[in-house]
Amino acid sequence: MTPPRAPLARYAERLHRAAGDTHHVASPLGAWLLLALAGPAATGDARAALTEALDADPDDAAAEARALLAAPHPMVAAATALWERTPAAELAAWRATLPEATERGPLPDQAALDAWARERTGGLIDRFPVNVAPDTLLVLASALATRVSWADPFDTAPGTDLGAGSAWAGRLSRVLRTPPFGHRCWVAATDRAGDVAVHAVPARTGDDGAGMLVVSVAAAPEVPATDVLAAAQELASAAALIPDSVPGRLSLFDLPLGETPLWTLREKPVNTFAPDGREERATAVLPCWSARSRHDLTAPGFGFDAAARALGELLGLAGPGFDAAQSAVARFGRYGFEAAAVTAFGMVVGLPPEGVARVAELRFGHPYAVVAVTTDPAGGPWHALPVYSAWVADPEELPADEAG
């Protein structure tokens, strides 16, 4: 199955356009995956709205999401979860379309959701992005997390190497400089952002050869952030598809010598084996950075309003309330890169009428029986087979090391 690169790039543009040109980080993939999982619930107008938001047929998007989550990349820990206050029979068919690995269970409290975010992101995100209220009916969530080391770490350089025209040069005492080998640096021509400076650094690969490539793209200062981000999406995908490629590369001999906000270009005599006697070399200087962001995903363009309508229609609810948000964090440094995002969609309904509940606390305070049986969803010979049984008539004290 072909990865949804084009639909994801267009979703990313909407998400980053909403964030504007302020310092931020996001995971368009995390939001798109969650929306795709909700897709099979949709019919009618809600399905049309989800198709537009996903830029794909909802069933096809759901299949692509399931394929990605069934075989997560070794460098991207991925998790999804569905929690419900009371599982509704009307959602059974949709529930069955979720990935097998999706965690399911009763709706936790806020502290438990915060703990889930921390555990699934290795502590990078400590707060779940939406709040659970008494009228929250269900929560659907995704978590993505990455921690990688560079195959070839950066060297360092004085902050002034960012250039006299950089406002950062006076603020930063040390920045990163590419090492002699292992990083790709080039000037590329793009449709959206014009000529840009590109740096690509690979992470150390695992035993199976899987890796990650982090691509930085800088355009002229006047180019809008959305255009630079769109160009970066295209260049990063192209650079990752073909090892050691430099997509859109311009020859340095086709550029004027001198200083620009993006590079300094000079010539010097060298000994070279290049057939035409012209050799090209490029290095890069860039700062360390980190970002932490929260994105409100309730606007119609993100599609979660349509997801709420779709699930509401299955439950016979007209226009249920909802919340959708993403928390994201990333750090880029000399030795590696780490990032995580938790995206959550919660649907709320009006509180039900007041009634009465009876609550029982069951006590096993005298001899009782215990039976252990095996289960097999396929109905094989082990299904419902009693394997162990006991009569408990002599209980023991809780061990001291388990009492904490």
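Scoring rules and cut-offs
- Residues numbered from 1 in each chain as written.
- Predicted model: local features only at pLDDT ≥ 70, side-chain atom pairs only at ≥ 80, totals over all residues.
- Heavy atoms only, no water.
- Axes fitted to C-alpha atoms, helices over the stretch in contact; angles between N-to-C directions.
- Helix = DSSP H or I, 4+ residues; strand = E, 2+ residues; numbered from the N terminus.
- Parallel < 35°, antiparallel > 145°, perpendicular 65-115°, else oblique.
- Left-handed = near helix turned anticlockwise from the far one by under 90°.
- Contact = heavy atoms within 4.5 Å.
- Nonpolar A, V, L, I, M, F, W, Y, C, P; charged D, E, K, R; others polar.
- Salt bridge = Lys/Arg side-chain N within 4 Å of Asp/Glu carboxyl O.
- Buried < 20%, exposed > 50% of the residue type's maximum accessible area, 1.4 Å probe, protein only.
- Polar contact = N/O pair within 3.5 Å; in protein donor to acceptor, adjacent residues only side chain to side chain.
- Phe/Tyr/Trp six-rings, centres within 6.5 Å; stacked < 30°, edge-to-face > 60°.
- Lys NZ or Arg CZ within 6 Å of the ring centre and 35° of its normal.
- Pairing = 2+ DSSP bridges.
- Core = buried A, V, L, I, M, F, W, Y, C linked by side-chain atoms within 4.5 Å.
- pLDDT = per-residue confidence, 0-100.
- Disulfide = S-S within 2.5 Å.

Observations concerning the packing of helix 3 (residues 44-54) against helix 8 (residues 304-314)
Here is step 1: The geometry of helix 3 relative to helix 8 is characterised by a closest axis approach of 9 Å and an angle of 150° between their N-to-C directions. By the angle between their directions, the pair helix 3 and helix 8 is classed as roughly antiparallel. In the packing of helix 3 onto helix 8, the handedness of the crossing is left-handed. Residues Asp45, Ala46, Ala49 and Leu50 of helix 3 pack against Ala306, Ala307, Arg309 and Ala310 of helix 8.
Here is step 2: Grouping the constituent residues of the contact of helix 3 with helix 8 by class yields 6 nonpolar, no polar and 2 charged.

Considering the pattern of salt bridges
Here is step 1: Tallying each qualifying case throughout the model produces 18 salt bridges.
Here is step 2: Ionic pairing is found between Arg281 and Glu279, a salt bridge with its closest N-O pair at 2.5 Å.
Here is step 3: Using a relative accessible area of 32% as the deciding quantity, one classes Glu279 as partly exposed.
Here is step 4: Of the charged contacts, one joins Arg309 and Asp305 as a salt bridge, the two residues approaching to 3.8 Å between their closest N and O atoms. Within this pair, Arg309 and its partner Asp305 are both found in helix 8, separated by 4 residues, close to a single helical turn.
Here is step 5: Ionic contacts of the salt-bridge type, sharing partners, join the residues Glu13, Arg17, Arg192 and Asp227 into one network.

As for the side chain of Thr190
Here is step 1: Relative to the elements of secondary structure, Thr190 occurs in strand 6 (residues 184-190).
Here is step 2: Only 3.0 Å separates the side chain of Thr190 from the backbone nitrogen of Ala193, close enough to count as a polar contact.
Here is step 3: In this structure the side chain of Thr190 is engaged in a polar contact, spanning 2.8 Å, whose partner is the backbone oxygen of Gly194.

Details of the environment of Ile125
Here is step 1: One can find Ile125 in the loop between helix 6 (110-120) and strand 3 (136-149).
Here is step 2: Excluding residues that lie within four positions of it along the chain, Ile125 makes contacts with Ala117, Arg118, Arg292, Ser327, Ala328, Val329, Ala340, Ala341 and Val342.

Description of the packing of aromatic side chains
In this description, an aromatic ring pair is defined by two values, namely the gap between the centres and the angle between the planes.
Here is step 1: Per the counting criterion, the structure on display carries 11 aromatic pairs.
Here is step 2: Seen in terms of ring centroids, Trp150 and Phe154 are 6.2 Å apart; in terms of plane orientation they differ by 80°. Their pairing is edge-to-face. Neither Trp150 nor Phe154 differs from the other in exposure class; each is buried.
Here is step 3: Among the aromatic residues, ring-to-ring pairing joins Trp150, Phe154, Trp289, Phe332 and Phe337 into one connected group.
Here is step 4: When the ring centre of Phe253 is taken as reference, the NZ or CZ atom of Arg278 above it lies at 4.2 Å.

Considerations on the sheet that holds strand 11 (residues 285-286)
Here is step 1: The 3 strands are arranged 4-5-11 in an open sheet whose pairing can be described as antiparallel. What marks the edges here is a single partner per strand, and that holds for strand 4 (155-158) and strand 11.
Here is step 2: Judged from the 2 bridges that link them, strand 5 (residues 174-177) and strand 11 form a sheet pairing that is antiparallel. The residue bridging Leu176 from the neighbouring strand is Leu286, located in strand 11.

Quick look at helix 8
Here is step 1: Buried residues dominate helix 8, accounting for 8 of its 11 residues.
Here is step 2: Restricting attention to buried positions, one finds in helix 8 the residues Phe304, Asp305, Ala306, Ala307, Ala308, Ala310, Leu311 and Gly312.

Thoughts on unusual backbone geometry
Here is step 1: We note that Asp55 has phi near 60°; this positive angle belongs to a residue other than glycine.
Here is step 2: Mapped onto the elements, Asp55 comes out in the loop between helix 3 and helix 4 (58-70).
Here is step 3: Classification of Asp55 as partly exposed rests on a relative accessible area of 31%.

Here we look at the sheet that holds strand 7 (residues 194-202)
Here is step 1: Taken together, the 3 strands give an open sheet; going across it, the order is 6-7-8, and neighbouring strands pair in antiparallel fashion. Only two strands of the sheet have a single partner each, and these edge strands are strand 6 and strand 8 (213-218). Between one strand axis and the next, the sheet turns by 30° as a mean value, whatever way the strands run.
Here is step 2: In terms of strand pairing, strand 6 meets strand 7 through 7 bridges, oriented antiparallel. When the sheet's bridge partners are listed, Ala189 is paired in strand 7 with Asp195.
Here is step 3: Seen against the sheet, helix 7 (residues 225-241) touches strand 6, strand 7 and strand 8 and runs at an angle of roughly 145° to strand 8.

Some remarks on the nonpolar core
Here is step 1: The biggest cluster of nonpolar side chains holds 42 residues, and the ones touching the most others in it are Trp32, Leu35, Trp94, Leu140, Phe304, Leu311 and Phe345.
Here is step 2: If you list the elements that add at least two residues to this core, you get helix 1 (5-19), helix 2 (28-38), helix 3, helix 4, strand 3, helix 8 and strand 14 (336-348).
Here is step 3: When residues in this core are grouped by element, the largest group, 8 residues, is from helix 2.
Here is step 4: Setting aside anything within four residues of it in sequence, one finds Leu35 in contact with Tyr11, Leu50, Ala53, Leu54, Phe302, Gly303, Phe304 and Ala307.

Considering the confidence of the model for the protein chain
Here is step 1: Chain-level pLDDT for the protein chain is 90 on average; 97% of the residues reach the 70-or-more range.
Here is step 2: By mean pLDDT, the top-scoring element of the protein chain is helix 6 (97), and the lowest-scoring one is strand 16 (residues 385-392) (74).

Observations concerning the state of the cysteines
Here is step 1: The full count for this structure, using the stated rule, is 0 disulfides.
Here is step 2: The structure places no disulfide on Cys185, whose sulfur is separated from the nearest cysteine sulfur, that of Cys288, by 16 Å.
Here is step 3: For Cys185, a relative accessible area of 17% gives the class buried.
Here is step 4: The class for Cys288 is partly exposed, based on a relative accessible area of 44%.

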